[in-house]
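# A look at the structure
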Amino acid sequence: MALPSSAEISQDLPPPHEPRAEASSGSERGSALLRWLDLFLSEPLRNAAPGDLVRHRVLVGSACFMVVFTLVYTAGTLFTPYSPLPSAMGVFYLAALMAARKANTIALPAFFMLAGITGSFVGGLFMNEPHREGGVHAIYLLLPALAVYLLGTRQALIYTLLVAVMMNGVHPFSVIDQLDLTSKEDVSRFWVRHVMSGFTFVGIWGLSALHSIARAAAYHSLERVLKKLRGSESKLSSIIESTDDIVASIDTEGRVLVANSAMRQFYRKVFGAELELGQPLLRHSTPERFQLWSERLAQVYRGQRLRLEDTVFPLAGGRLVLDLNLHPILAEDGQTVGVTLFGRDITSRKEAEARVGEMHRTLVDVSRQMGMAEVATGVLHNVGNTLNSVNISTTLVTEQLRRSRVTGLVKATHLMREHTADLASFLSSDSQGKQLPPYLLALSDQLVEEREAMLKEMQSLGESVEHIKSIVSMQQKHARTAGAVEQVAVPQLIDEALRLHAISFERLAIRIVREYSEVPHIFVDRHKLLQILINLLSNARHALVDSGHEDKCMRIQVQRASEVERLRIQVTDNGVGIAAENMARLFTQGFTTKKDGHGFGLHISALAAEEMKGRLTCSSPGVGQGATFTLELPMKDESA
């Protein structure tokens, strides 16, 4: 997978928007403020859990604010008659900051913080006018909520009760004499108001405590979920890291989100650079490769899954072939939010497949040569047997010509030529002349017999020569280059294969039974099919010869298979059969049960059947019970 440069990818990325820039600057300012607040926290407080760290930062931020507020208030008291008590409480705020810098927990800094706020408020109420009642003051109602947030529910309860007693018990007694309460009803309303204010004060603690408890429970639940999620993430990470396959995840903008070590190593090997998370994956490529991968990723972004093979060329040389799977990452609403990329280096497998393919082609060439040799062997065998007949016929004709009575006819005609002048008297009165007519009659009969005998031998000689011509013609027809698919009449081709073995079958007294059903012509490689048929016939012949049976029978069937579009050819013999333990290895290369066998025939035949979209199988009841070889071929031209 080739990757484009960052300059190329930056051209396709949208320009940054101003609101994003503003958000980024705001985030930077917020981070600077948090770092500034962390300066007031001790190491244990800075390393606390995220939820507790928020409280710690709120505490020191509030303390800093109160210190600044106290300074401003103190400066104001120099020119106005305000109470100096809030200024005195600034000591507690400074103590809170100092305690936060040294403490291991938030308890002491929170105490100083609450002491300063409570002292300022409560002291201010006692020192000011009686009608400024603490029971109705807004700040008074915020104190228990702040205490729960900073101290926790139990310590905040103690604080709340103390302040409630102080504000709704002690404070009313200190101001009741200064108020103009003329009737018992006014006094009752005064105390009811303070008592209800105290209950409200405690009630606010209760609501705050309930919120804190619920928040803590939600936080713990979130922690458990996060812990489980981290565990799952750890397991997933272990699985991803344990594989040698490259694994990566990218977002819709092409940036790398996740990458395992195999992916990083692959990236380093191919591009000589480190893979950085958050950076575009496609950033070291030619424009052509970038365009290609942009189109592929666009398909995945539309929700499609892709599986493809890609070839890359590392910087160190050579090439790598990758089997890649790209899957879309879908959100809950079904929208694609990213892509996962899984890749496997299949270079070795491809090289092995190429070697196996080359070996297969070599094996096929050898098989063709062996098939041609098998055909040639059958041709030579049958031609040799026929030549024996030719030789015999020639010898007989020669012997008959050597013993022919033609010489006697020559002598008789020579004698008649000598007595031409007195031929009549020679035939009637000479002793030799009187014997000449009966001799010529007997000689004519013998010459007729000789002619008939020689004509018979010449006819036999002509038949043998014609048979040789037919065998050679078939060999020439099947000796052409294999691989051409043509329309073949299977029964006719089987008969031609049988004719190549005809003399051998006749000499060995093998009975051939043909059972040809009405089947259409099929499109097939004639050479491959003939090679398989010759091999099956040859194996059946050997099995019958080795069996020693007197009734040697070979049955050949041609019919439609159970599947309508397939043709079945079966060659059955009653020979030696096949042992059950040999059935599984029957079609493997090099396996043979013959003493002089090479173990290629059935293996090559099975390969040839597969190349023709067919299959070759065998079945046998057992040793000594014969065997049946079944060849199934498609009746349609599946290679078209």
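The notes below deal with the structure included here. All of these numbers come straight from a predicted model, not from anything done at the bench.

### As for the pattern of salt bridges
Under the counting rule described, the total for this entry stands at 22 salt bridges. With a closest N to O distance of 3.6 Å, glutamate 632 and arginine 566 form a salt bridge. Of this pair, glutamate 632 sits in strand S12 (residues 627-634) while arginine 566 sits in strand S10 (residues 566-573), and the two are 66 residues apart along the sequence. For glutamate 632, a relative accessible area of 6% translates into the label buried. The class for arginine 566 is buried, based on a relative accessible area of 18%. What you see here is one network of salt bridges that share partners, running through Glu309, Arg349, Lys350 and Glu353.

### Some remarks on the sheet that holds strand S2 (residues 256-259)
The strand order across the open sheet formed by five strands is S2-S1-S5-S4-S3, and the pairing between neighbours is antiparallel. Edge strands, defined here as strands with exactly one partner in the open sheet, are S2 and strand S3 (306-312). In this sheet, neighbouring strand axes are inclined to one another by 25° on average, regardless of whether the strands run parallel or antiparallel. Where strand S1 (residues 246-251) meets strand S5 (residues 336-345), six bridges bridge the pair, whose relative direction is antiparallel. Within S5, the residue paired with isoleucine 250 across the bridge is valine 339. Lying on the sheet, helix H11 (residues 261-271) is in contact with S1, S2, S3 and strand S4 (320-330); it crosses S1 at an angle near 90°. Running at roughly 165° to S3, helix H12 (residues 287-301) makes contact with S1, S3, S4 and S5 of the sheet.

### Here's the deal with the nonpolar core
Core analysis: the largest hydrophobic core is formed by 43 residues, its most contacted members being Leu529, Met554 and Phe629. Those elements that place two or more of their residues in this core are helix H17 (490-500), strand S8 (522-525), helix H19 (526-547), strand S9 (552-560), S10, helix H21 (601-611), strand S11 (615-619) and S12. Per-element accounting of this core gives the leading share, nine residues, to H19. If we skip the residues at most four places from it in the chain, leucine 529 touches Val490, Leu493, Val524, Ile569, Met612, Leu631 and Leu633.

### A few points about the pairing of S10
When you tally the buried positions in S10, you get seven out of eight residues, the bulk of the element. Here seven bridges tie S9 to S10, and the two strands are oriented antiparallel to one another. Residue pairing for S10: glutamine 559 is matched across the bridge by arginine 568. By the bridge criterion, eight bridges tie S10 to S12 in an arrangement that is antiparallel. Its bridge partner lying in S12, arginine 566 is registered against proline 634.

### Comments concerning the packing of H19 against H21
A packed helix pair is summarised by two numbers, namely the angle formed by the two axes and the spacing between the axes. Two numbers describe how H19 lies on H21: the axes approach to 10 Å, and their chain directions differ by 145°. Remark: the crossing between H19 and H21 carries left-handed chirality. Contact with H19, carried on its side by Lys528, Gln531, Ile532, Asn535, Leu536 and Asn539, involves Gly601, Leu602, Ile604, Ser605, Ala608, Ala609 and Glu611 of H21 and no other residues of that element. For the contact of H19 with H21, the residue count by class is six nonpolar, five polar and two charged.

### Considering the packing of H17 against H19
Running from N to C, H17 and H19 cross one another at 50°; their axes reach a closest spacing of 10 Å. Here H19 runs oblique to H17, going by the angle between their axes. The two elements H17 and H19 cross, and the hand of that crossing is right-handed. Facing Val490, Leu493, Ile494, Glu496, Ala497, Leu498 and Leu500 of H17, the residues of H19 in contact are Arg526, Leu529, Leu530, Leu533, Ile534 and Leu537. Classifying every residue of the contact of H17 with H19 by side-chain character gives 11 nonpolar, no polar and two charged.

### Some details on the sheet that holds S11
With mixed pairing, the five strands of this open sheet are ordered in space as S7-S9-S10-S12-S11. Strands with a single pairing partner mark the edges of an open sheet, and in this sheet they are strand S7 (510-516) and S11. Ignoring strand direction, the axes of neighbouring strands in this sheet form an average angle of 15°. In the sheet, S7 pairs with S9 via seven bridges, with the strands oriented parallel. Counterpart to arginine 514 in the pairing with S9 is isoleucine 556. Strands S7, S9 and S10 of the sheet are contacted by H17, whose axis makes an angle of about 170° with S7.

### Notes on unusual backbone geometry
Positive phi values are uncommon outside glycine, yet alanine 509 reaches one of about 60°. Examined against the element boundaries, alanine 509 turns out to sit in the loop between helix H18 (502-507) and S7. Judged by its relative accessible area of 51%, alanine 509 falls in the exposed class. Look at lysine 613: it is not a glycine, yet its phi comes out positive at around 65°. Mapped onto the secondary structure, lysine 613 falls in the loop between H21 and S11.

How each quantity is defined
- Residues numbered from 1 in each chain as written.
- Predicted model: local features only at pLDDT ≥ 70, side-chain atom pairs only at ≥ 80, totals over all residues.
- Heavy atoms only, no water.
- Salt bridge = Lys/Arg side-chain N within 4 Å of Asp/Glu carboxyl O.
- Helix = DSSP H or I, 4+ residues; strand = E, 2+ residues; numbered from the N terminus.
- Buried < 20%, exposed > 50% of the residue type's maximum accessible area, 1.4 Å probe, protein only.
- Pairing = 2+ DSSP bridges.
- Axes fitted to C-alpha atoms, helices over the stretch in contact; angles between N-to-C directions.
- Contact = heavy atoms within 4.5 Å.
- Core = buried A, V, L, I, M, F, W, Y, C linked by side-chain atoms within 4.5 Å.
- Left-handed = near helix turned anticlockwise from the far one by under 90°.
- Nonpolar A, V, L, I, M, F, W, Y, C, P; charged D, E, K, R; others polar.
- Parallel < 35°, antiparallel > 145°, perpendicular 65-115°, else oblique.

None of the figures reported here should be taken as evidence of function without further support.
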